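# Analysis of the macromolecular model
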Amino acid sequence: MKLIIDTDPGIDDAMAIAYAAAAPEIDLIGLTAVFGNTHVHQSSRNARFLVEKLGLNIPVAEGAPFARGETSHAPSEHVHGPEGFGDLTEIPEIGENHTLAAAEFLVEMARQHRGELVVCAVGPLTNIADAMRMDPEFANNLAKLVIMGGAVFCPGNVTPHAEANIYHDADAADEVFANPPTTLLVGLDVTLKTLYESADFEGLAEKSPNMGTFLRDISRFYLKFYKEVGGLEGCGLHDSTAVIACTHEPMFKIVETGLRVVTTGDELGATRPDPSRPAVRVCQDVDGAGVVRLFTERVTSLP
Ligand code: RIB
Ligand code: CA
């Protein structure tokens with residue numbers, strides 16, 4: 001499966017990109033960077049750092065710096081750290097971004113690999129909505145659009161109503177859900193059933209000295225947030241669960257419903273079922289232990 005991950009790395013993004021690099025079924029052909037956990041120049045820098053560390057030779061195209069109509073962004077530093085990799089502060093600039101902006105890159109790749117390309121969006125949906133506006137055939141050219149985002153049957157994580165990726169650009173998300181021919185939504189409804197604990201990260205470090213140790217080191221900041229703020233003994237494999245859904249749908253219970261996003265007021269970013277909209281496939285449950293096992297099995301195979 002040819003895959004592009006649209007990402008805001010970001011600690012769980014880094015885990016998902018490592019998983020994709022290790023998964024034998026996945027041919028990761030590029031990354032597109034978006035604001036969200038970090039500023040977009042940090043997202044693209046971190047993505048290029050991961051590409052180098054994983055020994056991949058794939059492009060990174062930089063995308064949207066802000067949500068639709070915004071001129072600034074406050075990254076989730078308290079969750080992912082000042083540079084997006086927890087306590088790590090010195091992250092080198094390696095290589096350069098692709099000459100195309102993210103939305104153009106996505107449109108071109110979808111045309112070039114018509115019917116074969118899966119895009120997995122694990123940050124705000126600004127680049128995806130931009131690609132849909134740029135080419136009305138973009139969504140139809142994709143084999144599948146898998147989105148980490150939303151909280152359809154459970155509370156949000158940024159507010160009681162909204163999950164972070166949707167909250168960060170509610171207008172873009174609402175546009176994407178209005179045009180969903182191939183969309184699969186992987187929200188907090190399932191990603192909070194895949195908690196990864198400190199001992200799991202120690203196991204990664206033990207078996208994967210390079211990548212596993214890096215993920216263990218950057219996860220400490222993330223685990224501290226989950227414990228202090230969420231009262232949880234582990235962090236959600238949010239983005240890795242979405243990448244796993246690209247190839248392992250049978251691990252998920254999937255229902256269909258039209259979706260809309262609340263774009264104003266206290267419930268900004270809420271993802272609400274809406275029967276008047278075209279159906280989106282929504283993950284309602286998951287074999288959480290199976291996802292954790294598959295993630296560990298693949299990532300520990302990395303050097
Ligand atoms: O709500 C979790 C999502 O927001 C994940 O993609 C995480 O990386 C953040 O972007
Ligand atoms: Ca993310």
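Before reading further, recall that the structure is shown in the block above.
Quick summary incoming for the structure in this document. (Residues numbered from 1 in each chain as written. Chains lettered and ligands numbered in written order. Predicted model: local features only at pLDDT ≥ 70, side-chain atom pairs only at ≥ 80, totals over all residues. Heavy atoms only, no water.)

### A look at the overall build of the chain
Which entries qualify depends on this criterion: In DSSP terms, a helix is any run of H or I states spanning at least four residues, a strand is any run of E spanning at least two, and both are numbered starting from the N terminus. Atoms considered for the radius of gyration are the C-alpha atoms alone. The globule rule reads 2.2 Å times the number of residues to the power 0.38. Each residue is assigned to one of three classes by its accessible area relative to the maximum for its type, calculated with a 1.4 Å probe on protein chains only: buried under 20%, partly exposed between the two thresholds, exposed over 50%. Contacts are residue-level and defined by heavy atoms, with any inter-residue pair within 4.5 Å sufficient. Per-residue and other accessible areas follow the Shrake-Rupley method at a 1.4 Å probe size, with only the shown protein chains counted as cover for residues.
Each helix and strand in the chain was counted, giving 13 helices and eleven strands. In summary, the chain has a C-alpha radius of gyration of 17 Å against a globular reference of 19 Å for 303 residues, a match within 12%. Seen along its three principal axes, the alpha-carbon backbone of the chain occupies a region of about 50 × 40 × 40 Å. Here the chain holds 303 residues, and 60% of them are scored as buried. In the chain, once contacts between residues fewer than 6 apart in sequence are set aside, the share between residues at least 24 apart is 80%. Put simply, the chain shows about 11500 Å² of open surface, and 50% of that area lies on carbon and sulfur atoms.

### Examining the site of ligand 1
Operational definition: Residue proximity to a molecule or strand is established when one non-hydrogen atom of the residue lies within 4 Å of it. Think of a polar contact as two N or O atoms within 3.5 Å of one another; within protein, one of them needs to be a possible hydrogen donor and the other a possible acceptor, and neighboring residues in sequence only count if both atoms come from side chains. Residues are grouped as follows: nonpolar covers Ala, Val, Leu, Ile, Met, Phe, Trp, Tyr, Cys and Pro; charged covers Asp, Glu, Lys and Arg; every other residue, Gly included, is treated as polar.
Near ligand 1 lie 13 residues; those nearest to it are Asp 12, Asp 13, Asn 157, Glu 163 and Asp 239. In this structure, Asp 8 approaches ligand 1 through a side-chain N or O atom, which is 3.1 Å from an oxygen atom. One of the side-chain N or O atoms of Asp 13 is found 2.9 Å from an oxygen atom in ligand 1. Within the complex, the protein chains bury 96% of what would otherwise be the 270 Å² of accessible surface of ligand 1. Breaking the shell around ligand 1 down by element, the ones donating at least two residues are α1 (11-22), α7 (164-168) and α12 (238-247). In the shell around ligand 1, the residues fall into three nonpolar, five polar and five charged.

### Concerning the pattern of salt bridges
The line we're drawing: We define a salt bridge as a contact between a side-chain nitrogen of Lys or Arg and a carboxyl oxygen of Asp or Glu at a distance within 4 Å.
Enumeration over the complete set of coordinates arrives at 21 salt bridges. The residue Arg 48 makes a salt bridge to Glu 93 at a minimum N-O spacing of 2.8 Å. Taken together, the residues span a long stretch of sequence, with Arg 48 in helix α2 (residues 40-53) and Glu 93 in the loop between α3 (77-80) and α4 (102-112) at a distance of 45 residues. Taking the relative accessible area as the measure of exposure, Glu 93 reaches 53% and is therefore exposed. When the shortest N-O distance is used, the salt bridge between Arg 216 and Glu 202 registers 2.9 Å. Of the two residues, Arg 216 is situated in helix α11 (residues 211-230) and Glu 202 in helix α10 (residues 198-207); the sequence distance between them amounts to 14 residues. The class for Arg 216 is buried, based on a relative accessible area of 15%.

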